[in-house]
Amino acid sequence: KAGVTQTPRYLIKTRGQQVTLSCSPISGHRSVSWYQQTPGQGLQFLFEYFSETQRNKGNFPGRFSGRQFSNSRSEMNVSTLELGDSALYLCASSRTGVDTGELFFGEGSRLTVL
Amino acid sequence: DAKTTQPPSMDCAEGRAANLPCNHSTISGNEYVYWYRQIHSQGPQYIIHGLKNNETNEMASLIITEDRKSSTLILPHATLRDTAVYYCIVRMNAGGTSYGKLTFGQGTILTVHP
């Protein structure tokens, strides 16, 4: 069965712009989490959605937002991009609403901010 | 979530067992030990997790000490494709509020050489 799909895989933006990233979870998975990975900070949790509701949120500014649709697909948005937002953004899904810690990650969207 | 300590890097010969240690001396009774790995340019991949008993699956074995203050991930016959960053994570399982959240440290860079 298909894994977690993230689009686009690569994108380049300039400071001040905004970006939307998309994530399609594994079929049947209802929980979607987002992570940011940078060389300096490593992998950091952004937020998690289940049944269209945000259940958990990391320590990121309000410029980072997300949502989940009724089909469990999720998007995250970063507004007013800064150079430091250049990162690999990873999406992960999990089987049920029970928090098992077993996440299935996509290959990520690599964002470069110029 | 409890903090973990891992060596920054390790080497292993192809075909030999790779034993990756992790210290988690502040682990609490209801926290599990998880292992993930990240192969270059891919999303993290779940390997295994356990509470206090040793666990084995098709990928690896997890040995947790009796006092639960440390654990070892064992890849029984390492291949070149096992070269990756390995992350040891400690977290509560179902019933907590860490929905979708994994706290990644710096991990151990395992290099498998011919």
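Please refer to the structure higher up on the page.
Residues numbered from 1 in each chain as written. Chains lettered and ligands numbered in written order. Predicted model: local features only at pLDDT ≥ 70, side-chain atom pairs only at ≥ 80, totals over all residues. Heavy atoms only, no water.

A look at the pattern of salt bridges
Here the idea is simple: oppositely charged side chains can pair when their charged atoms come close. Which entries qualify depends on this criterion: A pair is scored as a salt bridge if a Lys or Arg side-chain nitrogen falls within 4 Å of a carboxyl oxygen belonging to Asp or Glu. What counts as a helix is a DSSP run of H or I of at least four residues, what counts as a strand is a run of E of at least two, and both are numbered from the N terminus. Categorising residues by exposure relies on relative accessible area from a 1.4 Å probe, with only protein chains included: less than 20% of the type maximum marks a residue as buried, more than 50% marks it as exposed, and the intermediate range marks it as partly exposed.
In the structure shown here, the tally under the stated rule is seven salt bridges over all chains. Note that Arg63 of chain A is salt-bridged to Asp85 of chain A, the shortest N-O span being 2.8 Å. Residue Arg63 of chain A is found in the loop between strand S6 (53-57) and strand S7 (64-68), and its partner Asp85 of chain A is found in the loop between strand S8 (74-78) and strand S9 (87-94); the two are separated by 22 residues along the sequence. We classify Arg63 of chain A as buried; its relative accessible area is 16%. Asp85 of chain A sits in the buried class, given a relative accessible area of 3%. A salt bridge links Arg37 of chain B to Asp82 of chain B, with the shortest nitrogen-to-oxygen separation between them at 2.8 Å. Taken together, the residues span a long stretch of sequence, with Arg37 of chain B in strand S3 (residues 31-38) and Asp82 of chain B in the loop between strand S7 (70-75) and strand S8 (84-92) at a distance of 45 residues. Neither residue differs from the other here; Arg37 of chain B and Asp82 of chain B are each classed as buried. Taken together, the shared-partner salt bridges in this structure form one network comprising Arg63, Glu82 and Asp85 of chain A.

In short, the description is geometric, and any link to function would need to be established separately.
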